[in-house]
Amino acid sequence: MDVRVLVGANTKRLRRLKGWSQEELAHQSGLHRTYVSGVERGVRNPTVTVLAELAKALDASPGEFFKEPS
């Protein structure tokens, strides 16, 4: 699986566990909603800094973004 798709799928999974919209995740992480959408769709290549901001907002470890689906 492409790593961008994997990161996107895990971002979406973690966001949904919080019950948040993309807009809420964007607000909590300081990112733009369209950027969050691009990450979730696997078309953006987020930096480690962006992953750290997303992880902080989602109360997750950065490693969560790289977990393979079970």
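Definitions and cut-offs
- Residues numbered from 1 in each chain as written.
- Predicted model: local features only at pLDDT ≥ 70, side-chain atom pairs only at ≥ 80, totals over all residues.
- Heavy atoms only, no water.
- Helix = DSSP H or I, 4+ residues; strand = E, 2+ residues; numbered from the N terminus.
- Rg over C-alpha atoms; globule rule 2.2 N^0.38 Å.
- Buried < 20%, exposed > 50% of the residue type's maximum accessible area, 1.4 Å probe, protein only.
- Contact = heavy atoms within 4.5 Å.
- Areas by Shrake-Rupley, 256 points an atom, 1.4 Å probe, with all protein chains shown as cover.
- Lys, Arg positive; Asp, Glu negative; His and termini not counted.
- Charge placed at Lys NZ, Arg CZ, Asp CG, Glu CD.
- Arc of directions from axis to C-beta.
- Polar contact = N/O pair within 3.5 Å; in protein donor to acceptor, adjacent residues only side chain to side chain.

Naming follows an unreviewed UniProt entry, where the protein appears as XRE family transcriptional regulator of Henriciella algicola.

Quick word on the overall build of the protein
In terms of helices and strands, the protein carries 4 helices and 0 strands. Helices (α) and strands (β) of the protein occur, in sequence order from the N terminus, as α-α-α-α. Here the protein has a C-alpha radius of gyration of 10 Å; the compact-globule value for 70 residues is 11 Å, and the two agree. Out of the 70 residues belonging to the protein, those deemed buried represent 40%. Contacts in the protein between residues at least 24 apart in sequence constitute 60% of all its contacts with a sequence separation of at least 6. For the protein, the computed accessible surface area is about 4300 Å², with 51% contributed by carbon and sulfur atoms. Of the side-chain charges in the protein, 11 are positive and 8 negative, and the distance between the mean point of each set is 4 Å.

Description of helix α4 (residues 48-58)
Those residues of α4 lying buried are Val 50, Leu 51, Leu 54, Ala 55, Ala 57 and Leu 58. Angular distribution of buried residues about the axis of α4 spans 165 degrees; they occupy a single face of the element. Across α4 from its buried face, at more than 90 degrees, point the exposed residues Val 48, Thr 49 and Lys 56. Where the residues of α4 are buried, they touch α1 (3-18), α2 (22-29) and α3 (33-41). Positive phi appears at Asp 59, one or two residues downstream of α4, with a value of about 55 degrees.

Re the side chain of Thr 11
In this structure, Thr 11 sits in helix α1. Using a relative accessible area of 0% as the deciding quantity, one classes Thr 11 as buried. Within the structure, Thr 11 has its side chain in polar contact with the backbone oxygen of Val 7 (distance 2.8 Å). Beyond its immediate stretch of four places on either side in the chain, Thr 11 contacts Leu 25, Val 39, Glu 40, Leu 58 and Phe 65.

Observations concerning α3
Inspection of α3 places Tyr 35, Val 36, Ser 37, Gly 38, Val 39 and Glu 40 among the buried residues, and these make up the whole buried set. For α3, the secondary structure elements touched by its buried residues are α1, α2 and α4. Gly 42, located one to two residues past α3, shows a positive phi value of around 80 degrees.

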